[in-house]
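# Geometric and topological summary
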Amino acid sequence: MSDVIINNPYLMLLLEHFGIDVPLQEKTMHEVCCDNNINTEIFLTFANLYNRNNYVPKAPFSFTDVLTIVTYLKNSHKYYSEEIYPNILSTIKQMNELNTHKEMALVEKFFGTYFSEVKEHLDYENKTVFPYILELIEKIENPDYPMRQTNFSVDEYQEHHNDIEEKLDDLKNLLIKYLPQKNDQILRRKLLFSLFELEYDLNIHSQIEDLILIPLVGKIESHLKKKK
Amino acid sequence: MIAETSSIVYEGLAGIIYKTGAKTLISRAHTFEEIQQSCAKRRCELIIINPSFVQNNVKPFHTLKNQFENLKWIGLVYAYYDQSLLSLFDAAINISDSSEMISAVVQKALDHTPLKHSHAEDVLSDREIDILKLLTTGLANKEIADKLNISVNTVITHRKNISHKTGIKSVSGLTIYAVVKKLITLENLTE
């Protein structure tokens, strides 16, 4: 298992989002998954998404796998809102102190606004979408379970799903192509590296939601409808 | 960019082109969608394409061709294709061509690219600057169209070109670009 991580250090994020602790010792991937109560198929699918461009997940997932997926997504939300976005924001603030060009102040504002948009989106998923999905699972196990959100459906979530990667791209272009440099070379590089790290993870995050979570929840919904 | 599903063919062709000393970056596309995505993302001068990519995508191919007029297309032919399909490309490379022939075809296609190695392609036109300025004041596409007496579609096309050239899509990002380029001053910005 450890060699998989050594080959692509970004997979450290994958481990964290799954709640898997290092050191991994000499354990195989299957052993690590068993120790952490994770379906190996899900782990492999996600790892493949991290490792390959255009990987199309194939494994048929069971309804209860949704629980693992939701936990994974919740953990990555925590990484976004408590770690990487605040880190980027503070790097921009430091840059702003060194580089007194007025544009840098605009960048700080740009990113601040963007961060609040992202937080809003994550909040929506944490407070509306995920609880709804967990209730669906509850309903499968116990048909009499009274759903709190009866009007909601996964289609609505799909519509709400906007492109949060766009502004990251904008910022990368501004930093590389346009923003005047002044004493900020090291910080700028750090900032760019964090932006790429975030983008890498976000990209996989949205693939998990679009290619795996949403279709699977759609299946659960129609399964429950049939039962009615 | 080389659009080719076979790794042997791709690696071989890329190797030949690099060997000619061409100062270029070669990327690879596996599907027609990938070609569309990368064209939209970064500037590409030349696409060497296996005609099978186009066979079932003739319509989107024409759209792409019209959208990126300066882009050259070279067919990479190692199977039988109808002449009408092959005539869509600017030139062709055959699987049996020698390295010299291939590099000549590639060189010729690149030489004819107008504005080659110039930054002019990424610089906004006067009209695009007009639109960018209005955008930063917070006007919507429709309002800009009315103000300049042009159609909303034209505004949208200009906006696409602006984003394509700068790599920036959001209005707030473009505003920072406009300030850096001194197209607007901070005082012009409405809070």
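Residues numbered from 1 in each chain as written. Chains lettered and ligands numbered in written order. Predicted model: local features only at pLDDT ≥ 70, side-chain atom pairs only at ≥ 80, totals over all residues.

When its secondary structure is counted, chain B shows 10 helices and five strands. Expressed along its principal axes, the backbone C-alpha trace of chain B runs to roughly 65 × 35 × 25 Å. When contacts within chain B are restricted to residue pairs at least 6 apart in sequence, those whose partners lie at least 24 apart make up 60%. (Helix = DSSP H or I, 4+ residues; strand = E, 2+ residues; numbered from the N terminus. Contact = placed C-beta atoms within 7 Å.)

What follows deals with the nonpolar core. Within the largest apolar cluster, 28 residues are counted, with the highest numbers of intra-cluster contacts made by Val107, Phe111 and Leu174 of chain A together with Leu174 and Ile176 of chain B. Looking at this core, the elements that each hand over two or more residues are helix H5 (65–98), helix H6 (102–141), helix H8 (166–178) and helix H9 (185–227) of chain A together with helix H7 (126–136), helix H9 (152–166) and helix H10 (171–180) of chain B. Of all the elements, H6 of chain A adds the most residues to this core, at six residues. Setting aside residues no more than four positions away along its own chain, Phe111 of chain A makes contact with Ile88, Leu89, Ile92 and Leu171 of chain A. Counting residues in each nonpolar core, the second largest holds 24 residues, with Phe18, Phe46, Ile69 and Val70 of chain A among its members. (Core = buried A, V, L, I, M, F, W, Y, C linked by C-beta atoms within 7 Å. Buried ≥ 20, exposed ≤ 12 C-beta atoms within 10 Å, placed from the backbone.)

Looking now at the packing of helix H2 (residues 11–18) of chain A against helix H4 (residues 40–51) of chain A. Residues and elements named next belong to chain A. Two elements in contact, H2 and H4, have axes separated by 10 Å at closest approach and are oriented at 150 degrees. In the packing of H2 onto H4, the handedness of the crossing is right-handed. For the pair H2 and H4, the contacting residues are Leu11, Leu14 and Phe18 in the first and Phe43, Phe46, Ala47 and Tyr50 in the second. Among the residues forming the contact of H2 with H4, the class breakdown is seven nonpolar, no polar and no charged. (Axes fitted to C-alpha atoms, helices over the stretch in contact; angles between N-to-C directions. Left-handed = near helix turned anticlockwise from the far one by under 90°. Nonpolar A, V, L, I, M, F, W, Y, C, P; charged D, E, K, R; others polar.)

For chain B, per-residue confidence averages 86 on the pLDDT scale, and 92% of positions sit at 70 or higher. We note a pTM of 0.73 for the whole complex and an ipTM of 0.86 for its interfaces. (pLDDT = per-residue confidence, 0-100.)

All names here are of chain A. Remark: H2 packs on H5, axes separated minimally by 7 Å, with the N-to-C direction vectors making an angle of 115 degrees. When you trace H2 past H5, the crossing you get is right-handed. Contacts from Glu16, His17 and Phe18 of H2 reach H5 at Tyr72, Asn75, Ser76 and Tyr79. Here the residues of the contact of H2 with H5 sort into three nonpolar, three polar and one charged.

So, on to the sheet that holds strand S5 (residues 91–94) of chain B. All names here are of chain B. As summarised here, the arrangement of the five strands in space is S2-S1-S3-S4-S5, forming an open sheet in which the pairing is parallel. A single partner strand is all that each edge strand has here, and the edge strands are strand S2 (28–29) and S5. Bridge count for strand S1 (residues 2–3) against strand S3 (residues 46–49) is two bridges, and the pairing is parallel. When the bridges of S3 are listed, Ala3 appears paired with Ile49. Here helix H6 (residues 99–111) sits on the sheet in contact with S3, strand S4 (72–77) and S5, set at roughly 160 degrees to S5. (Pairing = 2+ DSSP bridges.)

Now for the interface of chain A and chain B. In this complex, chain A contributes 17 residues to the contact, which on the side of chain B involves 13 residues. It is H8 of chain A that provides the largest number of residues to the side of chain A that touches chain B, a total of eight residues. Across the side of chain A that touches chain B, the residue classes break down as seven nonpolar, three polar and seven charged.

Residues and elements named next belong to chain B. With respect to burial, S4 is a largely interior element, five of its six residues being buried. The pairing of S3 with S4 spans four bridges and is classified as parallel. Note on S4: the bridge partner recorded for Ile47 is Trp73.

Quick look at unusual backbone geometry now. Note that the residue after Val22 of chain A, namely Pro23 of chain A, is joined by a cis bond; omega there is 0 degrees. Even without a glycine there, the phi angle at Asn149 of chain B is positive, about 60 degrees. Note that Asn149 of chain B resides in the loop between helix H8 (141–148) and H9. Note on Asn149 of chain B: 7 C-beta atoms within 10 Å, which makes it exposed.

Residues and elements named next belong to chain A. Looking at the assigned domains, one finds that chain A contains domain 1 (2–51) and domain 2 (65–227). Between domain 1 and domain 2, the C-alpha centre-to-centre distance is 22 Å. At the interface, 12 residues of domain 1 touch 12 residues of domain 2. Partitioned by chemical class, the residues of the side of domain 1 that touches domain 2 number eight nonpolar, three polar and one charged. (Domains from an automatic or database assignment.)

In this section: H2 of chain A. All names here are of chain A. Taken together, the buried positions of H2 are occupied by Leu13, Leu14, His17 and Phe18. Taken end-on, H2 shows its buried residues confined to a sector of 130 degrees, consistent with a single buried face. The secondary structure elements touched by the buried residues of H2 are H4, H5 and H9. Gly19 lies just past H2 and shows a positive phi near 75 degrees. (Arc of directions from axis to C-beta.)

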